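Results of the structural survey
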Amino acid sequence: MTAPAVRLTRARNGTGARLGTPAHPRAVAAPSGSPVPPSVCGRAVVRVAHREHVHHHQPTHVVRSTVTALLSDVARALVDVEHRGGDVPLTDATHDSRQVSSGTLFCAIHGASADGHDHAPRAVSAGARALIVERWLDLDVPQLKVPSVRAVTGPAAAVVHGRPSEELVVVGTTGTNGKTTVSYLLEGAFAAAGRGTGVIGTVETRIHGTRLPGLRTTPEGPDLQRLLRDMHTRGVDAVAMEVSSHGLDLHRVDGTRFRVAVYTNLSQDHLDWHGSMEAYFTAKARLFTPELSDRGVVFLDGPWADRLVREAGVPLVTLGRQRSADVRLVEEDVRVEGGAGRLVGTLTAAAVAGSPDASGTTLDLRVGTTLPGAFNLANAATAVLAAIVAGVPAEAAAAGVAACPGAPGRLERVEVVDGPTVFVDYAHTPAAITQVVDTVRAVQRDDARLLVVLGCGGDRDTAKRGPMGAAAASADVAVLTSDNPRTEDPEAILAAVVTGAREAVAAGAPADLHVEVDRRRAIALALAEARPTDVVVIAGKGHETTQELGDRTIAFDDREVVRDLLASGGAVTPGSAGATGGAS
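Keep in mind the model is a prediction, meaning the values are calculated, not measured.

What about the overall build of the protein?
Within the protein, the secondary structure is distributed over 16 helices and 29 strands. Among the 584 residues that make up the protein, the fraction classed as buried is 58%. For the protein, the accessible surface area stands at approximately 22,700 Å², while carbon and sulfur atoms represent 51% of it.

So, the pairing of strand 25 (residues 477-480)
Burial along strand 25 is two-sided: the face carrying Val477 and Val479 and the face carrying Ala478 and Leu480 are both buried. Two elements, strand 24 (residues 450-454) and strand 25, share 4 bridges in a ladder whose sense is parallel. Pairing of Val452 across the sheet is with Ala478, part of strand 25. You can see the chain leave strand 24, run along helix 13 (residues 465-472) and come back into strand 25, and the turn it takes is right-handed. With 4 bridges connecting them, strand 25 and strand 26 (residues 512-515) associate as parallel partners. Residue pairing for strand 26: Val477 is matched across the bridge by Asp512. Crossover connection from strand 25 via helix 14 (residues 490-506) to parallel strand 26: handedness right-handed.

Let's talk about the nonpolar core
Counting residues in hydrophobic clusters, the biggest one holds 47 residues, and the most contacted among them are Val171, Leu186, Leu343, Leu363, Val384 and Leu385. Looking at this core element by element, the count peaks at 11 residues for helix 10 (residues 374-389). Those residues in contact with Val384 that lie beyond four places of it in its chain are Leu343, Leu365, Val367, Ala397, Ala398 and Val401.

Side note on the pattern of salt bridges
Two side chains with opposite charge may pair up if their charged atoms get near one another. Tallied over the entire structure, the rule returns 38 salt bridges. Salt-bridge contacts for Arg449 lead to Glu529; the nearest nitrogen and oxygen are separated by 3.5 Å. With Arg449 in the loop between helix 12 (430-443) and strand 24 and Glu529 in helix 15 (residues 519-529), this residue pair connects regions lying 80 residues apart in the sequence. We classify Arg449 as buried; its relative accessible area is 18%. A residue is classified by how much of its surface remains accessible, and Glu529, at 17% relative accessible area, is buried. In this structure, Arg449 engages Asp534 in a salt bridge whose closest nitrogen and oxygen atoms are separated by 3.0 Å. Of this pair, Arg449 sits in the loop between helix 12 and strand 24 while Asp534 sits in the loop between helix 15 and strand 27 (535-539), and the two are 85 residues apart along the sequence. Residue Arg449 shares its accessibility class with Asp534, and that shared class is buried. A single salt-bridge network, built from bridges that share partners, covers Glu187, Glu204, Arg206 and Arg211.

Here's the deal with helix 10
For helix 10, spanning 16 residues, the distance from its first C-alpha to its last is 22 Å, which sits close to the expected 22 Å at 1.5 Å a residue. Most of helix 10 sits out of view: 15 of its 16 residues are buried. Where helix 10 ends, the next residue or the one after it, Gly391, has phi of about 110°, a positive value.

Description of the environment of Thr462
For Thr462, the position within the fold is in the loop between strand 24 and helix 13. Of the residues examined, Thr462 reaches a relative accessible area of 52% and is grouped as exposed. A sequence separation of 35 residues divides Thr462 from Val497, and the C-alpha atoms of the two residues are 9.8 Å apart.

Some thoughts on the side chain of Arg295
Residue position: Arg295 is located in the loop between helix 8 (277-285) and strand 17 (296-299). Asp294 provides the closest opposite charge to the buried, salt-bridge-free Arg295, at an N-O distance of 4.1 Å. Those residues in contact with Arg295 that lie beyond four places of it in its chain are Arg259, Val260, Ala261, Val314, Pro315, Ala350, Ala351, Val352, Ala353 and Val389.

Some remarks on the packing of aromatic side chains
What the rule picks out here adds up to 1 aromatic pair. Here Phe281 and Trp304 contribute two aromatic rings whose centre-to-centre distance is 5.2 Å and whose plane-to-plane angle is 25°, an arrangement assigned as stacked. Here Phe281 is found in helix 8, whereas its partner Trp304 is found in the loop between strand 17 and helix 9 (305-311), with 23 residues between them in sequence. Taking relative accessible area as the criterion, Phe281 reaches 2% and is therefore assigned buried. Look at Trp304 and you get partly exposed, because its relative accessible area is 24%. The ring of Trp136 carries Arg84 above its face, with NZ or CZ at 4.0 Å from the centroid.

What about unusual backbone geometry?
Positive phi is not limited to glycine here, since Glu331 has a value of about 55°. Inspection of the secondary structure assignment puts Glu331 in strand 19 (residues 327-335). With a relative accessible area of 49%, Glu331 lands in the partly exposed category. Phi at Asp459 takes a positive value of approximately 60°, unusual for a residue other than glycine. Structurally, Asp459 can be placed in the loop between strand 24 and helix 13.

Topic: the packing of helix 3 (residues 149-160) against helix 5 (residues 221-233)
At a minimum axis distance of 8 Å, the contact between helix 3 and helix 5 shows a crossing angle of 25°. In terms of axis orientation, helix 3 runs roughly parallel to helix 5. Viewed along their axes, helix 3 and helix 5 form a crossing whose handedness is right-handed. Taking contact as the criterion, the partners of Thr153, Gly154, Ala157 and Ala158 in helix 3 are, on helix 5, Gly221, Pro222 and Gln225.

Side note on the sheet that holds strand 23 (residues 421-425)
Across the sheet, 6 strands lie side by side as 22-23-27-24-25-26; this open sheet has mixed pairing. Of all strands in the sheet, those with a lone pairing partner are strand 22 (412-414) and strand 26, marking the two edges. Averaged over all pairs of adjacent strands, the angle between strand axes in this sheet comes to 20°, irrespective of strand direction. Where strand 22 and strand 23 come together, 3 bridges link them in antiparallel fashion. Residue pairing in the sheet places Arg413 in a bridge with Phe423 of strand 23. This element, helix 12, spans strand 23, strand 24 and strand 27 of the sheet and lies at about 160° to strand 24. The strands that helix 13 touches are strand 24 and strand 25; relative to strand 24, the one it contacts most, it runs at about 160°.

Conventions used here
- Residues numbered from 1 in each chain as written.
- Predicted model: local features only at pLDDT ≥ 70, side-chain atom pairs only at ≥ 80, totals over all residues.
- Heavy atoms only, no water.
- Helix = DSSP H or I, 4+ residues; strand = E, 2+ residues; numbered from the N terminus.
- Buried < 20%, exposed > 50% of the residue type's maximum accessible area, 1.4 Å probe, protein only.
- Areas by Shrake-Rupley, 256 points an atom, 1.4 Å probe, with all protein chains shown as cover.
- Pairing = 2+ DSSP bridges.
- Right-handed = clockwise from strand over helix to strand, strands pointing away.
- Core = buried A, V, L, I, M, F, W, Y, C linked by side-chain atoms within 4.5 Å.
- Contact = heavy atoms within 4.5 Å.
- Salt bridge = Lys/Arg side-chain N within 4 Å of Asp/Glu carboxyl O.
- Expected span 1.5 Å × (residues − 1).
- Lys, Arg positive; Asp, Glu negative; His and termini not counted.
- Phe/Tyr/Trp six-rings, centres within 6.5 Å; stacked < 30°, edge-to-face > 60°.
- Lys NZ or Arg CZ within 6 Å of the ring centre and 35° of its normal.
- Axes fitted to C-alpha atoms, helices over the stretch in contact; angles between N-to-C directions.
- Parallel < 35°, antiparallel > 145°, perpendicular 65-115°, else oblique.
- Left-handed = near helix turned anticlockwise from the far one by under 90°.

Following this line, the structure appears as structure tokens:
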């Protein structure tokens, strides 16, 4: 006989009770009056007798118990759930039937292209001990029925893995631009304070500075909870995590407890998914609610920030160049080699976690970065402040950020001998391209020109293509090309980018426009056009090492292409690949 369904109506937020600030027995506190060792993005730097030794920070291994949860524990953590069948122990959770092994909780997500309920029999055959479903299935395993499996998958997986985020310091950064850079800089701050470090983001996942392949900016809920538990087991104390709008909208981070939520900026992107800037903002703002985060840091200098400050449901520290900010960035000195400035302001006790040297006191701190441009100095300041708010001593936070070389593909310099200065950057929105152009303009020599190589990805927000071309037209030379066309016609994508660029030139933008659909030839054209004093920015793909063309993916790394072209003398002659002229 089928067991009766039992409805649980206990009001829970899906994340479980909050724990206090976890102890960090392996954290290294600098003696009073001694310099705090900086870091190199997850590697501690120890100065001894004026000599530097760089090593990966590997904390003393601590054995942590294996987590096993009961299905009834999962049920009690969810809202509006019915439980049918007995109670069983669980050792893992997944939404992917191919990941199922003995002891797994299978979450039957109803997705856009597939329904997990159809894969539940396969999951049970593979060893799934229980299911979360939206309709009862005729399978002989215990089941939890909920209105939306996607909405509860993260919280359920968090229970199965012992709520790992509550045993870690997790700092989540959201925003259109800057998430990756801030996350790497935070890793440097954590390492400088002696914390075991983890990074989750677009480029990669890192544990103690060791790279793991990255799947997506924000992993699916079960994958994220499993990863956080693995990080904790391997001695990680503090995690810097990028939090995408998709991850928030799709509840991937539900069940994760963020010690600090960080906001960088908001500009047009992902409207193919969200539909409007209003919906895009609403998705980002979810991170600043008590259900997910304890407190927040908001960078004020940009649209939407003031509204986020008004609507956020957690204590905030604001940062910016304006007087209304709690902490101001002043005395900025920005060069192509990096930037420096000061953070001045007051931090309230309510907004700082476990930082007795900063809580409720006046902050006056020198900050710096090896990364070029005013926006990277702002990223560095944001990372320093977020680390302080998360409980890192202020001097350690500043030293760790200053020593960090930054993120791959974010204004990453490609070393060129006797040639132009070449940067590769991930900028793939109109605002990001404008920011890169303005950054280089502010630091380049007076006699230098700026050349930008830019394409736009397929199967993504089509509305940004023209504005991206217009943004590129603010350079002296714009070479318009392909990015990742995916399933779209690359010529059609390029046509939209070119239209925006030509309209901008007709309105007075300075660029001499060139059009070359083949990205390698476009890069070669720019290098051939550039003089030794010029700056070339190859935008859009950044850290990516492949190009998606229709049904195939080829090896393509902008950085390696530059090196190969310069080594082989493979640059093309200016004008031979579709130059259009500045006024066309």
